[in-house]
Structure formats: structure tokens, C-alpha cells
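Remarks on the overall topology
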Amino acid sequence: MLTNKVFIKKTKSGGVMKIVREHYLRDDISCGSPACDKDCEALDRYPLEEKPISDSKLVPVPHYIVPDTNVVLHQIDILEDPSVKNVIILQIVLDEIRHRSAPIYKRVKDMLCNSAKCFYTYCNEFNMHTYVERKPKESANDRNDRAIRKAVGWYADHLIKAGIEVVLLTNDADNRKQAVAEDLMAFTVHDYVKSLSNQSLIDRLANPLNQSSDFGGKTLFPEHLGLAEIQKGIRSGKYLQGTLLISRENYLEANVSVRDQENMVFVQGLYNLNRAVNDDNVVIEMLPEAEWSCPSSMVMREDDAKDEEDEANESMTDTETLIRNKVPKELRQPTGHVVGIIKRNWRQYCGILQPSVIMERTRHLFIPAEKRIPKIRIETRQAQTLMSKRIIVAIDSWPRNSRYPLGHFVRCLGEVGDKDTENEVLLLEHDVPHANFSEAVLSFLPKMPWTITEEEEKRRRDLRHLDICSVDPPGCTDIDDALHCRELENGNYEVGVHIADVSHFIRPGNALDQEAANRGTTVYLTDKRIDMVPDLLSSNLCSLRCDVFRFAFSVIWEMTKDADIVKTDFTKSIILSKASLTYAQAQIRIDDQNDHGNLTKSLRGLNSLAKILKKKRLDNGALSLASTEVRFHVDSETHDPIDVQTKELRETNSMVEEFMLLANVAVAEKILHEFPDNALLRRHPSPPSSNFGPVIKAAESKGFEIDVSSGKALADSLDKAVVPENPYFNIMLRIMTTRCMMQAVYFCSGMLQPSDYMHYGLAAPVYTHFTSPIRRYSDIIAHRLLAVSIGADSSYQDLLDKSKIQKVCNNLNFRHKMAQYAGRASVNLHTHLFFKKRIQDEEGYVLFVRKNALQVLIPKYGLEGTVFLNDENKKSSSIFVYNEEESTQTAGDVIFHVFDPVIVQLSIDRSNVQHMKLSLKLVKPQVPGFSVPSASESSEQQEMDTSSGTSLSSKSNADVGKPPQKKKKKR
Amino acid sequence: MADVNLSEAEKTFILHSVQDNFRDDGRSCEDFRHMEIETGLISNTNGSARVRLASTDVLVGVKVQLSPVDPENPEVGRMEFFLDCSANATPEFEGRGGEELASEITALLTRAYGCPSTMDYPSLCVLPGQQCWLLYVDILLLECGGNLFDAMSLAVKAALFNTKVPNVTMTKDEGGIELDVSDDPYDFKRLDVTGAPLVVTVNKIGHFHVVDASEKEEACSLARIMLGVTQTGTITAMKKEGSGSLDADSISDMMESAKKVGVLLNKSLLKALGEEEEQGTEAVGFLR
Amino acid sequence: MAGMELLSDQGFRMDGRKSNELRRIRFKKGVFNQADGSAYLEQGNTKVLAAVYGPHEIRGSKSKALHDRVLINCQYSMATFSTQDRKRRPRGDRKSQEMTSHLKQTFDAVVLTELYPKTQLDIYVEVLQSDGGNYCASVNAATLALMDAGIPMKDYVIACAGSFTRETPIIDINHLEESSGGAEVIMAILPRCDQIVFLEMNSRLHEDHLSAVMDHVMAGCKDIFNVLNQQVREELVRRTVQDSLVDSG
């Protein structure tokens, strides 16, 4: 049966179009229930249960649930609860969800795929019996509601003999009334959830907007503009649209990155932020120039737990004073205020409950772990049990008369401070997918025992006779690279880099590939590793372990003794690694005069070539920047960090690194040549000279000039800036330079001009990642591209589509960044655990001088901390005088400059349970009334049972510099 | 028009029979042939109609667009005609063969509807001085069986009757006035076509004249007048065509006939259209 | 309307069809009296009228006549109200010219041209409403018109268009699916001999999928053929019975 869907649309140019679409109605759509006795099509697998157990007092018979759109959108957390099953999502509801909220749509789809949840999508729009035509004078929403009721009615009729009822859940009173009039069962979500025996769900009920509770309170915020007005304003240029980024230093200030505009617009104060939350897509209006302001150069401190009313009063006055302080003209930045919100980007937030004075109250404040998110008001009866736990909360709305947004409790993670819970929080907050690999994903793994088939042998070059070995950190199980080197008859060397052939096992498009693409990278926490690919591949079949045959993707060069490349060859191969060495073992072998074995000769050859290659790179202008590298010794039983040790760098580290770089460059050139439009490459844009401000200033203070005109110039000036009495000065300068760097990113070659391909840090015109496919997805794509270009594998559609490759790059960049943040947060966590039991005095250097604080770097732990200069209670005026131009703080005779050595006392400040801070107090130089006496030097020397070593990474932006972590992180 | 070759005998027969108020298919001089009208065939137009007058087949589609006003008439809507002589009608219309005929007919229809009293043009104005509705009336000639002008004007009137113009809401803003077109397919207004004219062609054969000439009769006629006549008998346009000459008396006779016939034709057309709309069935079109 | 999925998870397209289902086809032969053969065909919302004149003497310059075959002259024209946006020129633009030459090529291959040397056969196609698959509907309508005119042909010529989305080939695509940016494969075949007369592909399609799509499109053509053939035969039987009744009565 055929009808036509007709509607009128207005085109952008002002024209009017009448759109006519065909709409075919069918009668062969199955109802999805195995209990159906009518002639519905038999399915292999029935999504709905035959005897749905009824848990509700309102509906004592077996029943299926049909929610309407708003119920799904607002109460998704309840639907996700494992006890909620047998839900029918109508096609019309699903379509509306897709249009209104992409993240919720994804969650609904996941539930639909999950067979345990027993969800079913019923295509009511295509079924002859349940399709409704829009009546004259009926709005689109009314028509949709009518369609939902019709579908429910049809279902009820259909299953009447099977004895299963169908219940409509909707919070729309009108809809409910009409449903009841049509003899259907309809309830609000609240009534239904309250009637369930599982009472914990009640806590999860979200407060819809129109139920904004009685805070009585005045309207604190201006109204948000409606969509139509916003669109008009944007078109006329009166309003600007952009994403809100709350400042990390001050939670009351934010920048809006406006579309199509380079400069960010500044927004200051709670009132001007007008209920916008970090990452929301907002609409702002510029303030008149006289009201422009600038970020305060103070570092905002954590608010202590205050009672709500107090807090409200205080913050508002705070902002008023902020506004009243007239900012000098030169420092003013374009400032605006939020007038409307286009799209909220709320997610679920981890955090803790704020201890409330009155425990019996049901309303509590939730403090998120993420500092940029405001506190959230939730209703819960379990406050007592949840008080010391980490919980997850989702925001529902932020009414105008409420100081805080309103939300609801989702679930509990565990005790605060418990290592596993904290790890979980870390992973959730950084959006790291860490669930176990699903059945679907595991089904694509090869069946064990795995052997090499004859077919494969024919397709690959047999390199099992070569003396290949791998060199990795101790305890490494995922070996992705191996090397060999041998002399040829003509006096040249043959050097080979063999990389695990992961792309052979992970075929494009299947669930395993999709999961790896989503994860993007292996995430390294100090005590845990979240793998990108399942263990079978990463530690076994792909890993180039010694004494077993393994598949590899090899890059083989012929080069002269002076490391000039004569020939480059790429091939898929089978290798047999003769030894899996650690860096230390390899170094010992090279240094051993009596060892003349082939393997050792190969290592020596590699070593000497590597040195030449490195020199060439540095001459070319590659940067060698510093990072602070430390290793934690972890107690094998409690897994608490015992002591810290700086990492040693041996020649062998550098040797492996050089060849990995060489391989990456060779592959980059090859795939760019073959696929100029869609090669996946890595670039490092050169930083604008303004970024180098602090470094230049700091070097000037010691009389050195830093030339930032080019990479080579920078490298040379850094080499020259050495103060013999203070060897750490040069390292600190390099650390500061590292922070000026831009982030290196993945990109698709077709999206940028060739002049933008360069990698500033490595001084290479093109670069990609090829050598670690086990832990990075970008390498898998590079493998696939290379395989197609040498004819070793077939291509597939998405590989050749440059916009798809760019999308992959965008995801990889995001995951990479999040993985770095997660790693750093994990390190912070362990640092705090380490200092839990100690107070120690350490040497440090002043890195930055701020208005109310000194930022100090402690080389031994690779830590950075802040010494606050004002008094905590702000009663007495500060004894320090801040000189902004010279960047100094003066107190009496003592002047603090950048790079000054100091001694500070480290301890843990436990006043805020979620954000335990490292508290630094000044010991030397002595400032009366401020410095503290030195601590007693009783450090506990426990037995060092080293099981696993953990490393601290530095806060480097680019991945230039000595890589830390279990696995060598290549640039 | 397709060439029809007539023998002398046939021509004589036609001439003489007209004198006796007989035509070769049995009609009287002021009778129209059997005609079929159907509206609402083409779903992606705002209005459409098909007229089949014996073997003349015409299809009209009306599309509306918002457009800037005509500076000379800033308070009224506009209408534009376009005729496409399809090669289906006769191979001579292939390529640009039918353009001459098309321009003739378009010109006459434009003049006939150009008179302000024929259609409610002011109601088509959306924003005085700025935006108005522009009606594109596109005529497709599918088969030629004589008396093209009449058939086309019938189809145009029927299509205009069938046209649904979406309602527009205006919202004032600092940046200007925003026009929002209603997306509800039931929210439209209809055009008032009671004043729309119908073209009646009167052919002079011998000393007498006939209305709705078939191709054979047209081949015998040397002169004809086309008149645009409304329901009330008002004449909105007039054109004389043909190689022959007419004297003033015959012209006034012909005009009287045309007026009489035109008034009746208008009435019966509107009645038929009203009946069709009441029935409300889906259009069958060419499938019948 | 970005973000519309052409094929939903449940296997339905936007208009409710499954991936291998055709749109509704309705047609009538012999719509006009004056043309030698005519047909009207609807495929979904695409409505096409075809008329055939001939074989008749060459019009225009006699030099164009082919001494051993009939000269097939096609014209493809679209009504100005046929598309969403009003078209200014019904024919003469490049797209119509291209369609015209495609039609000519298609029918050159199938009409028994040797039977009418030195003559001309005109095939005129007029698209009344366009919703995707214009070429296919034109070819199908023209085949019916030629049958109505009694021109001998080797076989029916049936055309169908297909595309590829979410690892599934879909056939008989409408305008929305055509303009979504995916690959489009148009094929015209002689269904009983399995011969391909016309094949065209737009956009990009990975070669691994090409044969799958072509197979599906060919199956689609055969389905259309069954629909047309059945109705044509029924009509023929009915008319023969009627005629014989008339004769006998």
C-alpha cells in the first residue's frame, strides 16, 4: 500500500518547495514477541521475552513497556538499568531521539543490540495498521502522540490472547488522558518506577524541566533566548556561536571559541555565564567595550564546603567585585555574555557528595571531580551510604532560579581513595573506553592453535634465517618491533626493521576493527594498561616474541657505512626473533669485548649507524627537548610507591629510537607517494613565536638569547644556553621550551597543503606512525595503506575516502590527548599516594612567578607544585610585593626570580578529599613570617621489592623528547 | 498544428453543413466536444490539471514561489505563463519546432489574465513592496486535436482552482521581517478563480462561424477570433488570427456567440470542478 | 536533510521498502490517438509519457537517411514542473541531450532496424514528474510505446537503477537516494536473453562491490519485466477476447 508524505519546506534562498515522498506501508513487520499467536513472521531470535516478569504493583500482569520520546530522552538512566527489560522502542520515537540527541541515540542503540536487555524496535511507521496520517489542524507533535497511541493499541490487541499487556509510559498529561480514553494502560514514569519493587531506581529519576522545585528564590539568571531569535541574531551578526571552554585556573571565567573566528571571546562571572556548562554550544553577545575585562592573573583556589545560601551570596558578590574592578585598557580582551544555549553537551560526571550539615535532607550537592563543572544538586535517600563513595551523576536541567544545576544519581563506583575506584574515575572522566571486549569483538580473533598456512608462506618473504632480535623495556609483553643488521658483500649494510603485522589479524570493518578504531590507543596508567586490542593478539600472536615464527611487516634498507640510504624495500615477511632483550641486556652485549656472536655484531652495527643517523638529524635541526623522568619503585604487596628513581638513558634506547624514526619517515614517504589524497600522516606545526615568550624572557634573565626563527636556530641556541655552575638550568630551559610546543596531530594528506605536512620537532617534511600497531590505531591504517601500495593486501572503500580518514584522525587525536591526560592523572594519583605518609624537604627551582604564587619544579620527582604567597585566610595583607614586568616577588631582602633555587617541604593537603593536593611550603630562602622549619630527615627506607617499575611522564605537549612509559612511545 | 490534408469535397461539405448548423461530427455551431477534466495529478506541484478535449490533451502544473515584487506593481502578486509543445503531440514540435506557437499562446493568456479584475492579485502579495507570490503556470501540450487555445485556458483555470498556496506568517525583527512558511500541508489558502477568463475561439467558416473547431474545420477556416471571456461575460482579451479578413458585423456576431458560450462554459467548468473536489478520490490521470 | 540513513538497522529504506523491493509500477499503453504508439508509465512518483511516431519518411535533410537501417530519433524532455525546483528549459540542456543519446543508443540495439531502411522512427519521452530513475522509467515507457506502435524488437528493454549503502545493494532508487552521494549503477537489459544494452555508473564504488550491485540490479530489471509482461499479456488476452466477441457478435 502506498501513501505520500507531503510537506512544505522553505529553502535557504527563500524559495518554497513542496516535498513529496513516497511512503510504503507493509503488513509483514513482526511484533517481536515469541508469545504472539497471530501470523507474525517467525524470527530466529525473539528480542522480547515470552513471559515478561512483572515487577510493578501498578501492573501486576506480564507486560511490555512502550516509552514516549521525552521519557527516553530524560530517563535514559532508568532504562539502562539491568532490571528494566522488555521495552518496545517505536520507530517514531527512535527517529525523534536521533534528531534531538546523538549521545542518547547511541545509548539506545547499544541497548537494542544487547540481547540481555530485551529491547525491540518496532517500525510503526511502515506498518499498515499503525500508520496514521496527519489530520488538518493537527500539529506534528499531536500526530506523533497519536501514532504512539495507535501502535500501543495495536500491540495490546495483537497480544491479547497471549495474555501480555502493553503499557505506555509518558509524562505528558494530555497524552495519558487520551490513552486512557482509548482503553490503554498509561502511566507517568514516576508512578511506574515508584511502584516497582526495586526501589533504587527512584533515585535515578531525573527532574524534568517543568518540575523545577520550589527554591522559592529569586530568579538569578536571565532567560535563555529561543531558537528562532538566536538564529536571526546569528544571521544578522548580533550574536556569535561557539563552544564554551571554562578556564582551568578559574572556574568562574571562560573563553568561547567562536566559529570562523580566530580570537576567543572572554566571559567572566556567574551571571554572565548564565548557566552554561563547560563544552556547551552557546550563543554570546558582545558587551560594550567599556565593560571588557581580562582573565584575573590569580590562581583561583578551591572553595571549601559551604552551605548553599552562603555560597550563593558569596559568589555573586565575588563576581560583582570582579566586574567593578576596572581593568586597564591595554589588558582588556573582547568580552561577552551568554544569551542562549544551542546544544548542551552534558555527560555523566564522577565525583563525591558534599557533606551536608543536615543528613536527613534528601537534597544534596554533588561535587564533580572535573573542576570546570559546577556543583550539582541531586535528590537521594542514600546520602548516608554514599557519603564516602565515588558516585556518578548526570545533569538534567538548570532552572533560572537555582544557583546550581539539577541532576540525578546514576550509580556508585566505590570507596573514595580506593585504588580501583580512583582508576575507574580517572578512566571515566577521560572518556577512555575500558570495558571488557565484547563477544562480538572476540569472535573475530583467530582460533587457536594458530599455525602458518602454506598460502601465507607463499605470499611472504621468508626472513627466518636472519639474526633478528628485539630490544624493549623489562617486563614488556607486547613486542611490536625487532631489528637486524648485517654486512653485505659490497661493503654496505643491510638493515631491517620488522614490525608486528597487526593488520593481517584485524580486518577492516569488523567489530574488532571498530573497537580498536574507537579506542585509538593503548592507555598506560601507572599500575594498569588498557589495551587497544585483545590480549591474544597484543601479547601473543602479534607480539614478536623470540623463538617463535611470527608475521611481520618489514622495512629493509641497504645503506653505506655512513648511513646513506641506497635502497629501501617494504615487504610482508615471516621472522624468527632470536632473542628478546632488554635495553640493559643489549647494552651489556654491545660493551662486552669478548662477545663476537652474529647477534651482537648486528647490535653493534645498528648502534654505530644509529649514532650517525642521530647526528644527521640534530644537524638538520631536530630538537632534543627534556622531560623529567622518574621511576617509582612499587611495593610488591601493597602496590604503594616506595621510592623514586630517575631513569637512566642508555645508548640502546637511542639506537632503537633512531631506526623507528627512520622507518616511520620511509613509510610516510611511500604512502604519501602512492596516496597523495588520503595518506594518514602526523604533523607537528611550528609554534608561533609568541608561544616562546616565557622561554625567551627566562633565558634573557640569565643573559642568553634564544633564536626561535627556525627549528635549527632554536636547537642551536638551546645548546649554547649553558650555565656551568648550574647544570640543571639548561634542562629547565628545555622543559620550558617543551611547553611552548604545539600538539603533534594526525591528519589526512588530502585535507592540507603539502607545506603543512612538516614535523617541526623532528625536522622532517613528512612523518607518520608505523612502528607500534599493537598500541596505536594510526599505525594499523599506515600498515593498510602500505600493504596496498606494495600489492600485499586489497584496499577497501573507507581507506580511500579522505573525509573518513580525517574523521579517524580526529578521533585518534582526541583519544591520544585523553590518554595523555589520563596517564598524567594516574601519575598524580600515585604521587599523592606516595606522599601520603611522608613530609619531605626537597630541592627545587622556580619555574614561573605569578601574582599570588610561585610555581616550583622539583627535579627529583619530576613534579611541579605551587607555593601560595598569600595567607590562607586573607586577613593579613601579603608580605610579598609582585613586580609584573620583571617577574619577581620580593619580601624584604629576599627576591625570587625565575630559575632561583629553593628548598620546599612537600606534604599532602587532605582538606579536599577529591583533589588531594601536594602542599608546598617554603623552607629556604628564609622569609620571616612565611617559611617553615625544615622537616626531620627520617625517610622510611623500606626494602625495595621491585616487581613492576612505573614511570612518571613529564607534562610535555608534543611527544618530542625522551619517551617514558612501559612501551616506547614513538613520536 | 498538425497538417491536415483535406480534399475539396470535404471542404465543401464542411462549408455547406455549417450553413445548416451541422458540423461533420453532428454538433451544432456553438457546441463543444466531449471534454474531460481532472485535477491534482502531479503531486509535487501546488496545483495541476489535465484537460482532454476530444483528441487535444493539455496538462498544466502550477508552482508558487516567493519572489520580489514587480516595481511597477508593488502591492500585487504575479503570474507567469510558459507553454511547452511536447514532441509527443507531433514530430514537428521536436526541438524548437513548437516555439512560435508557444509564444503566441503564452502572449494571449498573459493578456487575458493581465487584467487586474480576473484574479485576486492583491491577496497574493505577502509583504507590500517587497515579497509576493509568483505563480508559475506551466502548460504542457501533449496532443493536438484542434482548438488548442480553449483547451489550454480550461486547463489553466482548473489548475488555478486546484492550487493550494501555503500560508505565510510574518515576524518582525530588528534585522527585518522574517517570513515563515507553514509546513502543515493542510494550512493553505485557495485562489479565487471566479473572475478568471476562458478563451473561446470562434472560427469563421464561409459566412458563418463555429466554436470549438476540430482540426478539419480549422483547416477550412481562414480567420478566427480568440476572446477571453469571464463568468460575467466581460471580455478581457481579444485577438484576431488567420490569413483571411473579417468585416465589422461578423466580428460583433462572433463576439456575441463567444460571450454566450464563454459564460456557459465558465459555469459548467466551476460546477464540474466543485463536484470533483467533493468526490475527493485520488487522481487517475493517464491510467484510465 | 543531512544525516538521513538510507537503510535503517531493521533493513528498511526511508520510504519503507526493503533493499531489493521495487516501487509501485503502473502503466497504460495507447494513451494517445494521434501518435502511432504511446504509453504512460509510473514508477513510484516518477511519471513518464512516451510517444512513438513512425516509421515514416525522413524529415529534414534526406542525407541523414541510412540506406540499410531505420534512423532512430529520440527526444527526452522534462516538463518544467516535473522537478522540485522549477526547471526553466524543458530540453536542450546538456543533461537532456545526454539522456537523448543514451535512449537512442539503447533502442538502436534492440529495434530490428534492418526491416525499415531509409526511414525514420521517432521516440519522444516526456517526464511529467521526476523522483529518481528518470532514465529507467523512460526506457520502460518507450519499450511499451514501441510495442504499442507495433515496431518489431528483439525483446523488451527494461532498465533499473541501483546503489550501494551499508554493505547492501539497493535497487530502484528514488531521488533522495540518488542525491545522497552514493554510487549509482544504471542498467538496461534484454531480460529474456540476459543481455546488457546500457550500463552506466556514477560516483565511486569499490570494485569488490560492483558485481554484487550489478547482479541485484539485473534481478530488479527482471522483476520489472515480470510486472510489465504480465499486465501486457493480460491486456492482450482481454482485448483478443473482446475482439473475438465483437467479431462473432
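The following paragraphs examine the structure supplied in this document. (Residues numbered from 1 in each chain as written. Chains lettered and ligands numbered in written order. Predicted model: local features only at pLDDT ≥ 70, side-chain atom pairs only at ≥ 80, totals over all residues. Heavy atoms only, no water.)

Taken together, the 36 residues of chain B in the interface contact 38 residues of chain C. Both sides of the chain B and chain C interface together cover about 3000 Å² of buried area, and 51% of this is carbon and sulfur. Broken down residue by residue, the surface that chain B buries against chain C is led by N88, F286 and L287 of chain B, which jointly contribute 22%. Taken together, chain B and chain C are joined by three salt bridges. For R86 of chain C, the salt bridge is made with D138 of chain B, and the minimal N-O distance between the two is 2.8 Å. At the boundary of chain B with chain C, the tally comes to 22 residue pairs in polar contact (both at pLDDT 80 or more). Counting only elements with at least two residues in the side of chain B that touches chain C, the list comes to β3 (56–68), β4 (78–85) and β6 (131–143) of chain B. Taken together, the residues that form the side of chain B that touches chain C break down as 16 nonpolar, ten polar and ten charged. (Contact = heavy atoms within 4.5 Å. Buried area = accessible area lost by both parts, 1.4 Å probe. Salt bridge = Lys/Arg side-chain N within 4 Å of Asp/Glu carboxyl O. Polar contact = N/O pair within 3.5 Å; in protein donor to acceptor, adjacent residues only side chain to side chain. Helix = DSSP H or I, 4+ residues; strand = E, 2+ residues; numbered from the N terminus. Nonpolar A, V, L, I, M, F, W, Y, C, P; charged D, E, K, R; others polar.)

Take the side chain of N162 of chain B next. All names here are of chain B. Position of N162 among the secondary structure elements: in helix α3 (residues 148–162). Overall, N162 belongs to the buried group, its relative accessible area being 12%. Among the polar contacts listed, one links the side chain of N162 to the backbone nitrogen of S48, at a separation of 3.1 Å. Discounting chain neighbours no more than four positions away, the residues touching N162 are T39, G40, N46, G47, S48 and R190. (Buried < 20%, exposed > 50% of the residue type's maximum accessible area, 1.4 Å probe, protein only.)

Our next topic: the sheet that holds strand β12 (residues 208–211) of chain B. Residue and element names in this part refer to chain B. Here we have four strands laid out as an open sheet, ordered β12-β11-β13-β14, and antiparallel in their pairing. Looking at which strands have only one partner, the edges of the open sheet turn out to be β12 and β14 (235–241). Recorded for the sheet is a direction-independent mean angle of 20° between the axes of neighbouring strands. Strands in contact with α3 are β11 (198–205) and β13 (223–229); relative to β11, the strand with the most contacts, it is inclined by about 170°. (Pairing = 2+ DSSP bridges. Axes fitted to C-alpha atoms, helices over the stretch in contact; angles between N-to-C directions.)

What follows is about the sheet that holds strand β36 (residues 901–909) of chain A. Residue and element names in this part refer to chain A. Within the open sheet, the five strands sit side by side as β32-β31-β30-β36-β37. Their pairing is antiparallel. At either end of the open sheet lies a strand with only one pairing partner, and these are β32 (863–868) and β37 (917–924). On average, each strand axis in the sheet is inclined to that of its neighbour by 45°, with strand direction left out of account. Across six bridges, the pairing between strand β31 (residues 853–858) and β32 is antiparallel. Bridge pairing in β32 links I858 to L863.

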